[in-house]
Number of protein chains: 2
Amino acid sequence: MTMDCPYCRKVADLDQLPPEELVWTFPLSAVLLGSWQFYRGYCVLVLRKHATELSALTDAERRQFLEEMSLTAHAIELAFHPRKMNYEMLGNQVAHMHWHLIPRYPDDPESLQAIWLPVELAATDPAVASRLRGDPASRRETADLVRLQLRKLTQAAT
Amino acid sequence: MTMDCPYCRKVADLDQLPPEELVWTFPLSAVLLGSWQFYRGYCVLVLRKHATELSALTDAERRQFLEEMSLTAHAIELAFHPRKMNYEMLGNQVAHMHWHLIPRYPDDPESLQAIWLPVELAATDPAVASRLRGDPASRRETADLVRLQLRKLTQAAT
């Protein structure tokens, strides 16, 4: 863990996170509800230890981490039936490995593009930020619905 | 296979692809050298059958497909030592599953962002397209260098 890494700080104290932010805890990762709930169900799956590329993990860790990613994406699909899922691990700004798992819907005005152009606009345009953030009051229910599907999927797997 | 899917058409005839485009053939996927070699070593890993989400694969297929993705990303890292790898499976325009495996370098003017903003500009701005495309004459060597690392990694794994 490095305390100058924002994701290391975030996962150091998962118990402190409210239930509308911490969706699920896996052996190797934690599922956090994303900021931009215009993409309803958008989650960020953060590796619980500090590592910056898949190749830095052992074979067993990498397979488990990707299994946790796949389960989370599937849970979002089951909860919200998006048109398409986007799976992205970038790390250009924060290299600590984290997957953006982003459901995309037909009513999205940028449905054919990655979400990063509107997300960047949100930094300077309050109207875009407000649209992308969605209704803060719905976050708890959204987290609950993803969690319900993760519970079913992980119980089915054992 | 559906013949109105561009990736189905592409993988239907892998033998027809030149060696600077077809980098590697795995059991479940094919590695194609990406169009935008400003990101030197950028590859697109295409599933050889038509499926649009990880959840549509069997457990064994999903694990194998993600193993092939991880091996390819590792080979790009070993060949070109990027600052960071970007791993992205979007499918907003073509839903057939394909991973964009994009090495990012320190001299990239948009190094903190995903590549999609400049890639979109390239559609209408020939100067951006030319910068992103890189030197066509270097594609063969780039494909060879990724292939060399994939050969070492897959031999080490057996």
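Cut-offs and rules
- Along every chain, residues carry numbers that run from 1 in the direction the sequence is written.
- Here every chain gets a letter starting at A, and every ligand a number starting at 1, in the order they are written.
- Reporting in this predicted model follows two pLDDT cut-offs: at least 70 for local features of residues, and 80 or more for side-chain atom pairs to be given and counted; totals over whole chains, interfaces and linings ignore these cut-offs and use all residues.
- For the side-chain quantities, the full set of heavy atoms in the structure was used; hydrogens and water were omitted.
- Secondary structure follows DSSP: runs of H or I at least 4 residues long count as helices, runs of E at least 2 residues long count as strands, and numbering of each begins at the N terminus.
- Throughout, the radius of gyration refers to the C-alpha atoms, and the reference size of a globule is 2.2 Å times the residue count to the power 0.38.
- Each residue is placed in one exposure class: buried if its accessible area under a 1.4 Å probe, protein chains only, is under 20% of its type's maximum, exposed if it is over 50%, and partly exposed if it falls in between.
- Whether two residues touch is decided by their heavy atoms; if any such pair falls within 4.5 Å, the residues are in contact.
- The Shrake-Rupley method, run with a 1.4 Å probe sphere, supplies the accessible areas, and residue values consider only the shown protein chains as cover.
- Two residue types count as positive, namely Lys and Arg, and two as negative, namely Asp and Glu; His and chain ends fall outside the count.
- Charged side chains are reduced to one point each, which is NZ for Lys, CZ for Arg, CG for Asp and CD for Glu.
- The pairing criterion is simple: DSSP has to find at least two bridges between the two strands.
- Fitting a line to C-alpha atoms yields each axis, with helices limited to the stretch in contact; the angle taken between N-to-C directions then spans 0 to 180 degrees.
- It is the directions from the helix axis to the C-beta atoms whose arc is reported.
- To qualify as a nonpolar core, a set must consist of buried Ala, Val, Leu, Ile, Met, Phe, Trp, Tyr and Cys residues joined through side-chain atoms within 4.5 Å.

Undergrad: Which parts of the structure should I look at to understand the overall build of chain A?
TA: When you go through chain A residue by residue, the secondary structure sums to 5 helices and 5 strands. Since a compact globule built from 158 residues should have a radius of gyration of about 15 Å, the 15 Å found for chain A is in line with a globular shape. With the principal axes as the frame, chain A shows a C-alpha extent of 40 × 35 × 30 Å. Counting over 158 residues, chain A shows a buried share of 54%. Once local pairs closer than 6 in sequence are excluded, the contacts in chain A between residues at least 24 apart make up 58%. Entry remark: accessible area of chain A is about 7100 Å², with carbon and sulfur atoms responsible for 54%. Distance from the positive charge centre (17 side chains) to the negative charge centre (20 side chains) of chain A: 3 Å.

Undergrad: Sorry, what's going on with the side chain of B:Gln37 here?
TA: Residue and element names in this part refer to chain B. Mapped onto the elements of the fold, Gln37 is located in the loop between β2 (29-33) and β3 (43-47). Residue Gln37 is classed as buried on the basis of its relative accessible area, which comes to 7%. Those residues in contact with Gln37 that sit more than four places away from it in its chain are Tyr42, Leu132, Arg133, Arg139 and Thr142.

Undergrad: In this structure, what is going on with the sheet that holds strand β1 (residues 22-25) of chain B? I would like to understand it.
TA: Pairing between the strands of a sheet is mediated by backbone hydrogen bonds and can be parallel or antiparallel. The antiparallel open sheet is built from 10 strands, whose spatial order is β1(A)-β2(A)-β3(A)-β5(A)-β4(A)-β4(B)-β5(B)-β3(B)-β2(B)-β1(B). Strands with a single pairing partner mark the edges of an open sheet, and in this sheet they are β1 (22-25) of chain A together with β1 of chain B. Strand-to-strand, the axes of this sheet are offset by a mean angle of 15°, without reference to chain direction. Most of the contacts of helix α5 (residues 139-157) of chain A go to β1(A), to which it runs at about 15°, and overall it touches β1, β2 (29-33) and β3 (43-47) of chain A.

Undergrad: Can you help me understand helix α4 (residues 126-133) of chain B in this one?
TA: In an α-helix, one turn spans 3.6 residues, which is why side chains three or four residues apart end up on the same side. Residues and elements named next belong to chain B. Along α4, the positions that sit buried rather than exposed are Val128, Ala129 and Leu132. Along the axis of α4, the buried positions cluster into a sector of 100°, meaning they face one direction only. For α4, exposure combined with an orientation more than 90 degrees from the buried face picks out Pro126 and Ala127. Where α4 is buried, its residues touch α3 (116-122). With its phi angle positive at about 75°, Gly134 sits one or two positions after the end of α4.

Undergrad: Which parts of the structure should I look at to understand the nonpolar core?
TA: One broad rule of soluble globular proteins: the nonpolar side chains tend to lie buried together. Counting 60 residues, the largest nonpolar core has A:Met69, A:Tyr87, A:Trp99, B:Met69, B:Tyr87 and B:Trp99 as the members making the most contacts within it. By size, the runner-up hydrophobic cluster in this structure holds 48 residues, among which are A:Ala122, A:Leu132, B:Ala30 and B:Leu90.

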